[in-house]
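In case you want the letters, here they are:
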Amino acid sequence: MSTPITIHETIASRVLTGRGAVDHVPEEVERLRAGRVLLVATPSAKATADRVAHALGARLAARFDRPAAHTPVAVTDEAMTVVEAAAADCVVAIGGGSAIGLAKAVSARTGMPQIAVPTTYAGSEVTPVLGETEDGVKTTRRDPALMPGTVVYDPDLTLTLPPGLTRTSAVNALAHAVEALWSPTASPITDALATEAVDGILSALPAVLDNPGDPEARGRLQTAAWLAGICLAQARMGLHHQLAHVLGGAFDLPHAELHTLLLAHIMAFNRPAAPEAFARMTRAIGGDPVAAVSELARAYGGKTTLADLGVPADELRTIAERVAAAPYPNPRPLTVDDVAALLDDAWHGRIPG
Ligand code: NAD
């Protein structure tokens, strides 16, 4: 009898890490032999973007400061008019997953090289994945050409992340590692990265929340989130990410908050079907994984239920039907009733554990 074959594939990317790394962006542009940069940045990253723009000097061709969550195609169309008018040949994105998603979408249409400078823990910068939204439906595609060739992790850029977003973005990263551990495409590499990411995120996050201005703790959290992002890139995700995509796309929900309120529910649901993943997480955390994640969700001061986020209760069944009709690979098989029950708990805020 043949055993299943595990395939591990690495997509090349160049990653700079460390305080002040963002000051190396002009050299990285030079390295790409690019001379007309489109600088994409969210308003939260304006001060950094101004600094990078100044350092780029004549190599700055244009700026675009209106990226939106879930990469709406209409926003990409708008950015493309700027790209064309400026004859840009490279895109630098500074911000969270929204800025990086827009850079990926622009690169997908033009073939331009990308430099990603993340300021959250979402992990998009190390994935060959792009989720785009049109007419309330989020479609995700995977192509090695989508992955930024250069990533710049500067922990100083995360110092301004407010505590709430720090918590939810870190749980977003944690979700990549958790789902990698029970993924059918897990490999020894993703297992190792995911275990280290779970440990790193859950040990660095309390230190960061205690002292959000501590660059050393921020650096540890950012590094753990990087590892989690690689898990997202390399292992296929399950029910948790499917629910986040379907709900996020349908109701335009805040990505990290949504991940935070869902994760413990999916972990509790999958626990009976993923003993090895839970054994690894338990060893890494030194305690019960569902309880640890539930605790993080409960302590969040923002919106903690699907009801709070404005998801209509009478839409939950339709969402459950969509998810169960074409499920992402998940360790525990699911029915419409299972997903509807889980969503009902998340809607009411009945956090497990
Ligand atoms: P985001 O980029 O939308 O940022 C959330 C908010 O935080 C914004 O208001 C932003 O301005 C602010 N912000 C970001 N960094 C900040 C900082 N350092 N200080 C203060 N404020 C800051 O949110 P996100 O969670 O990073 O990304 C979510 C988006 O990324 C979604 O569209 C999601 O689908 C996508 N995503 C894609 C992938 C992928 O692999 N393709 C992975 C993860 C997330």
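Residues numbered from 1 in each chain as written. Predicted model: local features only at pLDDT ≥ 70, side-chain atom pairs only at ≥ 80, totals over all residues.

As annotated in an unreviewed UniProt entry, the chain is Maleylacetate reductase from Streptomyces himalayensis subsp. aureolus. In UniProt, the chain has this text filed under Sequence similarities (unreviewed entry): "Belongs to the iron-containing alcohol dehydrogenase family." (UniProt positions renumbered as here; feature names shortened; annotations may be inferred.)

Every one of the 30 residues lining the ligand counts as a neighbour, but Ser-44, Gly-96, Gly-97, Thr-120 and Ser-124 are closest to it. For the shell around the ligand, the secondary-structure elements that each account for two or more residues are helix H4 (97-110), strand S6 (129-134), helix H5 (163-181) and helix H9 (255-270). With four residues, the top contributor of residues to the shell around the ligand is H4. When we break the shell around the ligand down by domain, the ones giving at least three residues each are domain 1 (14-158) and domain 2 (163-348). (Near = placed C-beta within 6 Å. Helix = DSSP H or I, 4+ residues; strand = E, 2+ residues; numbered from the N terminus. Domains from an automatic or database assignment.)

A few words now on the domain arrangement of the chain. By a widespread convention, an interface's size corresponds to the accessible area lost as its parts come together. Parsing the chain into structural domains produces domain 1 (14-158) and domain 2 (163-348). The C-alpha centroid of domain 2 is placed 25 Å from the C-alpha centroid of domain 1. Taken together, the contacts link 23 residues of domain 1 with 26 residues of domain 2. Secondary-structure elements contributing two or more residues to the side of domain 1 that touches domain 2 are S6 and strand S7 (137-142). Sorting elements by how many residues they give to the side of domain 1 that touches domain 2 places S7 first, with three residues. Within the side of domain 1 that touches domain 2, the residues separate by chemical class into eight nonpolar, 11 polar and four charged. (Contact = placed C-beta atoms within 7 Å. Nonpolar A, V, L, I, M, F, W, Y, C, P; charged D, E, K, R; others polar.)

Looking now at the nonpolar core. Counting residues in hydrophobic clusters, the biggest one holds 114 residues, and the most contacted among them are Val-92, Ala-93, Leu-174, Ile-201, Ala-228 and Cys-231. Broken down by element, this core gets its largest block of residues, 11 residues, from helix H7 (residues 215-234). Mapping this core onto the domain boundaries places at least three of its residues in each of domain 1 (14-158) and domain 2 (163-348). Residues within four places of Val-92 in sequence aside, it is in contact with Val-25, Val-37, Leu-39, Val-52, Ile-115 and Val-117. (Core = buried A, V, L, I, M, F, W, Y, C linked by C-beta atoms within 7 Å. Buried ≥ 20, exposed ≤ 12 C-beta atoms within 10 Å, placed from the backbone.)

Before going further, it helps to spend a moment on helix H13 (residues 336-348). The end-to-end C-alpha separation of H13 is 18 Å, in line with the 18 Å expected for 13 residues at 1.5 Å each. Of all the residues in H13, the buried ones are Val-339, Leu-342, Leu-343 and Ala-346. Taken down its axis, H13 places every buried residue within 95 degrees of arc, on the same side. Within H13, the exposed residues directed more than 90 degrees away from the buried face are Asp-337 and His-348. Its buried side turned inward, H13 meets H9 and helix H12 (316-325). Gly-349 sits one or two residues past H13 and shows a positive phi near 80 degrees. (Expected span 1.5 Å × (residues − 1). Arc of directions from axis to C-beta.)

Listed under "domain: Fe-containing alcohol dehydrogenase-like C-terminal" (unreviewed entry) in the UniProt record, and renumbered for this structure, are residues 168-347. Taken end to end, residues 168-347 is 72% helix and 0% strand, and its two terminal C-alpha atoms sit 17 Å from one another.

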